[in-house]
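Descriptive analysis of the structure
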There are 2 protein chains.
Amino acid sequence: MKAEIIAVGSEMLTPDRIDTNSLFLTEELNKLGIEVVRKSIVGDNRDYLSAAFHEALERVELIIASGGLGPTEDDLTRETVADLLGRKLVLNNAILQYIEGRFRQLGREMPAVNVRQAMVPEGAEVLENPRGSAPGLWLEARGRRIALLPGPPRELKPMFHEQVLPRLERLGSGIRMFHRELRVAGMGESAVEQRIKPIYTRYADVNTTILAAPGEIQIHLRLWTGDAAHAQKTLDDITQSFQLALADRIFSQDGSSMEEVVAHILSMNNATISAAESCTGGLLAQRLTTIAGSSSYFLGGVVCYSNELKTAWADVPPELILSKGAVSSEVAIALAHGIRRSTGSTLGVGITGIAGPGGGSEEKPVGTVHVAISHAAGVKERGTRFPGDRETIRWHASQLALDMVRIHFLYNGGEPPARTSARS
Amino acid sequence: MKAEIIAVGSEMLTPDRIDTNSLFLTEELNKLGIEVVRKSIVGDNRDYLSAAFHEALERVELIIASGGLGPTEDDLTRETVADLLGRKLVLNNAILQYIEGRFRQLGREMPAVNVRQAMVPEGAEVLENPRGSAPGLWLEARGRRIALLPGPPRELKPMFHEQVLPRLERLGSGIRMFHRELRVAGMGESAVEQRIKPIYTRYADVNTTILAAPGEIQIHLRLWTGDAAHAQKTLDDITQSFQLALADRIFSQDGSSMEEVVAHILSMNNATISAAESCTGGLLAQRLTTIAGSSSYFLGGVVCYSNELKTAWADVPPELILSKGAVSSEVAIALAHGIRRSTGSTLGVGITGIAGPGGGSEEKPVGTVHVAISHAAGVKERGTRFPGDRETIRWHASQLALDMVRIHFLYNGGEPPARTSARS
């Protein structure tokens, strides 16, 4: 089955807003084996709106529209679709009472304009909206299905799940989409592509998408089939082959974020962590504490921009800073050791670098970063140079630090065997 | 003039990608007084693509399309538009030589498929693309103008500015869009709306959009006119009236972020700052250090989740934590004083609170936050409760802290006069 998505609302034709409902709707439709062949965004204008629905009805069996169901004169979806299908709008008393009730609950009287929201095209099924005043509508005509949904995502998403999905499933072919998302750190998009292309091209029925996100590469595997066991096995096979090709660079097999993965590893190992950051300015601490319950493994951190604070808070010897420079592997290591000792955590992370745009030199250009992980048995340090602007460099530095923590536990504190590491 | 935007590419009909070029294009077209009446996203399918261009040509005088100009068989924009206009595709030798030259520079031979990119519909003007291999095209037919641009934003944006804009300006009416963005902190969307609605409704020719962003409300004013002096005066007038209505709640009149505003204020005042954070987990430090050059005013910060570290790093008396609780105005104040003393900064910020989802109690529910600003002459403290999830609460807490720094300097360290503060 093919579908089109129509987003209604003049605000989405301004430079400030974008239709994001269609991403959710596409994912949901794809899961059912329904292909989205076109998305349209139309303003609150009867002619343009009518054209959009008319064209879509000519082409596809399913139209999902969002927005334009509000109470004001701008909201034209109901009227336009009714006109187009030659249906009359009739007052639905149940809806009217529901809307009046909502207003009563808020201690207010229903404004007269809201009566519009109770007008329903003849023959339409009402999709209840417990989260807002605009009900949705489901129409069938000439072999076509049309779902009209409210624009706010917090109303649209549950309405889709609760009321549109069951209707589509009844129509369905039994085919489903199976999806897996792997995430890779420490490699570029083309390096990942090069290593996995010989694998995924062998699986003609799997759709593979490689996306570059800040500090990581995301690999989406999608497979449409009615056979769940086959899907599971195929995705397992590919994942296993990817693991051979990418070794320890895959940090997530279920789309979880690097923060979530590291939080999970720390909890599993009953380990605690602390951080002494310079160039990342608190970004590492902030990412570690994004996760609920992080206080069980994150003890604390310092952001020591100045040399004096590196000494005061992480016990970095002033003469070390003088001799090696604040941005050096030695200072990163001293920061890591110092913060681990002062907080008593299992691991201490030290980060120093030059995020730019100023502060670079020929010897230490912008993007130079040193990260160290101190643990009871020693320390690991990596120096590198990241490309990009200030924000990108800071993000990459925090990602490298999190990835080093992950790798530390992956090899039980030891070194990765050289031949399995695919870092490039 | 009315325009439609067509984004071409099957990847934009997946759940992973969204067309963002259209936001840039809409802003640019609006500046010229051109209204965007529809956006369409179409996959790499000749029939759907042809329908999209055909429909748009029926409706509007200007079509801007992005994508589908690559060298592979998926890339159908050139062929489809040529077909639709009844034009032949002819080989353009200049483009061919340019593409061959690009490959030579990279030390590679041009693959045969790239010849497609040198095929141009008869009568089309070539838009050069120094940043990629796909040239753009400009076509005029039956009173319609069509610009075909490459999909990657870093190729599309300069091509639009350098080659499409001058062509549109020549067609233009002399009307331009004038835009101003104000930002408001510490008030909700409906409170802002209520205060400024009586003002902006007086200016029929100004389009006012109110957007809620995390921790702030953004007000966009847009005015289309050929008279720059009139536009300037009108926008100044509205801004002035808004300032009377919203008092010190407007923190930005040029769309700059709260971080940028606070960075600017600190620099102007030769002031330095340090932070002791609990619930925000480094978010405040991270936001303050997002700005290039922040090392001149940000001395350092600590993230002290544990009570022990609150004492070790910010000198908070253990008995104070015991008697008042870690989340209390007293501890926020002690954190602020302590971090200011230990770093020697002009201002010290202390933040403590419960970001959730766990850790709340009846007396101190999730969302409870205390922020204190310590300065040479004393301290300011605010306790409040923010709604929302962990991320939202943390963001609001950091926003409140930044806003308190701003207000501190606005009133030269004194208290805001009660009647001018519009906080609600």
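In this text, all values refer to a predicted model and were calculated from it rather than measured experimentally. (Residues numbered from 1 in each chain as written. Chains lettered and ligands numbered in written order. Predicted model: local features only at pLDDT ≥ 70, side-chain atom pairs only at ≥ 80, totals over all residues.)

Remarks on the overall build of chain A
When helices and strands are tallied, chain A shows 13 helices and 17 strands. Here the C-alpha radius of gyration of chain A, 28 Å, is well above what a compact globule of 424 residues would show, namely 22 Å. With the C-alpha coordinates of chain A rotated into their principal frame, the extents come out at 85 × 55 × 40 Å. Looking at chain A residue by residue over its 424 residues, the buried ones come to 45%. Here the contacts in chain A between residues at least 6 apart in sequence split such that 66% fall between residues at least 24 apart. (Helix = DSSP H or I, 4+ residues; strand = E, 2+ residues; numbered from the N terminus. Rg over C-alpha atoms; globule rule 2.2 N^0.38 Å. Buried ≥ 20, exposed ≤ 12 C-beta atoms within 10 Å, placed from the backbone. Contact = placed C-beta atoms within 7 Å.)

Considerations on unusual backbone geometry
All names here are of chain A. Here Gly-356 and Pro-357 are connected by a cis peptide whose omega angle stands at 0°. In this fold, Pro-357 is placed in the loop between strand E15 (347-353) and strand E16 (368-375). The backbone phi angle of Arg-142 is positive, close to 50°, even though this residue is not glycine. Along the chain, Arg-142 falls in the loop between strand E7 (136-141) and strand E8 (144-149).

Observations regarding the relation of the copies chain B and chain A
Expressed as a screw transformation, the operator carrying chain B onto chain A has a rotation angle of 180° and an axial translation of 0.2 Å, and the superposed copies differ by an RMSD of 0.3 Å. The two molecules are tied by a two-fold rotation axis, judged by turn and shift. (Least-squares fit on C-alpha atoms with pLDDT ≥ 70 in both.)

Details of the domain arrangement of chain A
Residues and elements named next belong to chain A. Considered domain by domain, chain A is made up of domain 1 (2-171), domain 2 (176-252) and domain 3 (258-420). Summarising the inter-unit geometry, the C-alpha centres of domain 2 and domain 3 are found 30 Å apart. Between domain 2 and domain 3, the residue contacts involve 9 residues of the former and 12 residues of the latter. When grouped by side-chain class, the residues that make up the side of domain 2 that touches domain 3 number 4 nonpolar, 3 polar and 2 charged. (Domains from an automatic or database assignment. Nonpolar A, V, L, I, M, F, W, Y, C, P; charged D, E, K, R; others polar.)

Focus: the sheet that holds strand E8 (residues 144-149) of chain B
The sheet built from 12 strands is open, its strands ordered E6(A)-E7(A)-E8(A)-E3(A)-E1(A)-E2(A)-E2(B)-E1(B)-E3(B)-E8(B)-E7(B)-E6(B) with mixed pairing. Strand pairing shows two members of the sheet lacking a second neighbour, strand E6 (125-127) of chain A together with strand E6 (125-127) of chain B, which therefore form its edges. Strand-to-strand twist across the sheet, computed as the mean angle between neighbouring axes with direction ignored, equals 15°. Summarising the sheet, strand E3 (residues 62-66) of chain A and E8 of chain A pair through 5 bridges and their orientation is parallel. (Pairing = 2+ DSSP bridges. Axes fitted to C-alpha atoms, helices over the stretch in contact; angles between N-to-C directions.)

Some details on the sheet that holds strand E17 (residues 378-385) of chain A
Taken in spatial order, the 10 strands make up an open sheet running E17(A)-E16(A)-E15(A)-E13(A)-E14(A)-E14(B)-E13(B)-E15(B)-E16(B)-E17(B), and their pairing is mixed. Here the strands that pair on one side only, and so sit at the sheet edges, are E17 of chain A together with strand E17 (378-385) of chain B. Across the sheet, the mean angle from the axis of one strand to that of its neighbour is 10°, orientation sign disregarded. Strand direction decides the pairing type here: strand E13 (residues 273-277) of chain B and strand E15 (residues 347-353) of chain B, joined by 5 bridges, are parallel. Bridge pairing links Ala-276 of chain B to Gly-350 of chain B in E15 of chain B.

Notes on helix H13 (residues 390-410) of chain A
All names here are of chain A. Over its 21 residues, H13 extends 30 Å from the first C-alpha to the last, a length consistent with the 30 Å expected when each residue adds 1.5 Å. With 15 of its 21 residues buried, H13 lies for the most part within the structure. Where H13 terminates, the next one or two residues include Asn-412, which has phi positive at roughly 50°. (Expected span 1.5 Å × (residues − 1).)

Considerations on the pairing of strand E14 (residues 298-304) of chain A
Counting buried positions along E14 of chain A gives 7 out of 7 residues, so the element sits mostly inside the fold. The pairing of strand E13 (residues 273-277) of chain A with E14 of chain A spans 5 bridges and is classified as parallel. Each residue of the ladder has a partner; that of Ser-274 of chain A, found in E14 of chain A, is Gly-300 of chain A. For the handedness criterion, the β-α-β arrangement of E13 of chain A, helix H9 (residues 283-288) of chain A and E14 of chain A is classed as right-handed. Examined bridge by bridge, E14 of chain A and strand E14 (residues 298-304) of chain B share 5 bridges and lie antiparallel to one another. Paired with Val-302 of chain A across the strands is Val-302 of chain B, a residue of E14 of chain B. (Right-handed = clockwise from strand over helix to strand, strands pointing away.)

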